[in-house]
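Close look at the chain arrangement
The primary structure of each chain is shown beneath.
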Amino acid sequence: MNASSRLFVKIGLMAVLTLLMLIPLAMIKNQIRDRQEAMDASGAEVAASWAGAQTFGGPVLKIYHAVPFEDKGKTLVDYQKKEVYPVQLRYEIAAETQTLHRSIYEIMVYRSTVRLSGSFRIPEQYLDDKDFSVELDLGDLRGIEGDAVLTLDGKPYPFVGSGEGTIACEVSPDRAKMKAGESLPFEMTLKIKGSESIMIHPYGDVTEVTLTSDCPTPSFAGDFLPDERTVDENGFTAHWCISRINRGDPATSSFGVRLLKGVTRYQQTTRSAKYGILIILLVFIAGLTVEFVTRREINLVQYVVIGLSLALFYALLLSFSEFLTFGRAYVLAAGMTTAALTGYFRGILKHASAWILGGLVAVAYILSYILLQMESYALISGTLILFAILCAIMWFTRNLTRQEEEPASQGIKIS
């Protein structure tokens, strides 16, 4: 077999070997996913003991409205539960986050002070009714700290639990104000703890919400984004103003914020592992290029060891990131892998080009880390980097045909 044939055979075997490296990479990605699921399960356990996501609905004035009807010549009365939404509804929410620990995992929760205020205007057809109550829906009643008292038209009414996710109190509105068509103002302050998110149903004819928190990584969610927002490293402030004209059914419409703990170590490791096959391919190509230039051989078994070492980097990164910040874990895992491979290259090649290959591995990890930090520009940056690497490979292999024409004794040996 001549040198040209051996070259194509080795390139073909290297292509197969590169594809086989997808197997250990897939196994590591599965391990990352398992650890992510374990962290999510720990978060669910903490939420079950602390309090879950909170969604506020109301307050809503409920009226048992008397509806007369005829039955066999007799006039009977049927009581139907009617709802009156606030004319004005304002939420002022201040949430303070804290981190709880479960095993090696960190779970973000919050405590909040929620001040509600607004007013009801009772329609004329309900003026003769007698049974009135106010209900407020919450995502998780376990999050209520202390008493919950509604002040309606200057009178206090303590809430009690009336069902899953609902607190209620019976009220006695001022009949004179009701008949005069005046609004009945209300207000209340709640201490609420929860996790994951704070959402609001816009039950008011006009619903205004001001939400502040020390969480620097909010994700605004729901049917409406805030009209105004400021976000910095110290937290955020957001303001919404929703009208009944555009809210639709308030029971099925909601908005608010998810309080996130930034990108998790597992998300970062998963994103890093996506570049794994690319790094392996680049190192393999660089190894072949060094073979062509220096006439020193790297056999297939040694390429297998190199590929497995590059794949093991992500297992090291996963393990270290559970105890260190992601940046430190990345530097440690990359440093260990680069040092081990540089020593291996020196043992194989016994040539100064081993340092070049080791440096290339380090550069590959540095570029991979930079791409991880450039979410919006990762694609274009990665494409330009690949083009530059391709140009470098083209330069170093430009004389390959001339080398193949030299005597076979000077050719490349394939083990």
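Source: prediction; values computed, not measured. (Residues numbered from 1 in each chain as written. Predicted model: local features only at pLDDT ≥ 70, side-chain atom pairs only at ≥ 80, totals over all residues. Heavy atoms only, no water.)

**Describing the packing of helix 5 (residues 265–273) against helix 9 (residues 353–373)**
In a packed pair of helices, the relevant descriptors are the angle between the two axes and the axis-to-axis distance. The N-to-C vectors of helix 5 and helix 9 enclose an angle of 125°; their axes lie 10 Å apart at closest approach. Taken together, the axes of helix 5 and helix 9 are oblique relative to one another. Considering how the two elements wind past one another, helix 5 and helix 9 form a crossing that is right-handed. Contacts from Q268, R271 and S272 in helix 5 reach S368, L371 and L372 in helix 9. For the contact of helix 5 with helix 9, the per-class residue count stands at two nonpolar, three polar and one charged. (Axes fitted to C-alpha atoms, helices over the stretch in contact; angles between N-to-C directions. Helix = DSSP H or I, 4+ residues; strand = E, 2+ residues; numbered from the N terminus. Parallel < 35°, antiparallel > 145°, perpendicular 65-115°, else oblique. Left-handed = near helix turned anticlockwise from the far one by under 90°. Contact = heavy atoms within 4.5 Å. Nonpolar A, V, L, I, M, F, W, Y, C, P; charged D, E, K, R; others polar.)

**Observations regarding a nonpolar patch on the surface**
Taken together, V16, L20, I23 and M27 make up a surface patch of nonpolar side chains, about 390 Å² in accessible area. With respect to the helices and strands, the residue M27 is situated in helix 2 (residues 22–49). Judged by relative accessible area, which is 57%, M27 ranks as exposed. (Patch = residues over 30% accessible without salt bridge, like charges linked within 9 Å, V, L, I, M, F, W, Y side chains within 5 Å. Areas by Shrake-Rupley, 256 points an atom, 1.4 Å probe, with all protein chains shown as cover. Salt bridge = Lys/Arg side-chain N within 4 Å of Asp/Glu carboxyl O. Buried < 20%, exposed > 50% of the residue type's maximum accessible area, 1.4 Å probe, protein only.)

**Remarks on the packing of aromatic side chains**
Applying the stated rule across the entire model yields 14 aromatic pairs. For the pair F224 and F255, a centre-to-centre distance of 6.1 Å together with 85° between the ring planes defines the contact as edge-to-face. Taken together, the residues F224 in the loop between strand 14 (218–222) and strand 15 (228–232) and F255 in strand 17 (residues 255–259) connect sequence positions 31 residues apart. Like F224, the residue F255 is buried in the burial classification. Here a set of aromatic residues connected by ring pairs shows up, and it is made of F313, Y314, F326, Y330, Y365 and Y369. Positioned above the aromatic ring of W50, the side-chain terminus of K193 is 4.6 Å from the ring centre. (Phe/Tyr/Trp six-rings, centres within 6.5 Å; stacked < 30°, edge-to-face > 60°. Lys NZ or Arg CZ within 6 Å of the ring centre and 35° of its normal.)

**Side note on helix 8 (residues 326–349)**
Over its 24 residues, helix 8 extends 34 Å from the first C-alpha to the last, a length consistent with the 34 Å expected when each residue adds 1.5 Å. Those residues of helix 8 that fall on the buried side of the exposure criterion are F326, A329, Y330, A333, A334, T337, T338, L341, T342, F345, I348 and L349. For helix 8, the elements touching its buried residues are helix 5, helix 6 (276–294), helix 7 (300–321) and helix 9. (Expected span 1.5 Å × (residues − 1).)

**Let's talk about helix 5**
Listed as buried for helix 5 are R265, Y266, T269, S272 and A273. Looking down the long axis of helix 5, one finds its buried residues gathered within 120° of arc, a one-sided arrangement. (Arc of directions from axis to C-beta.)

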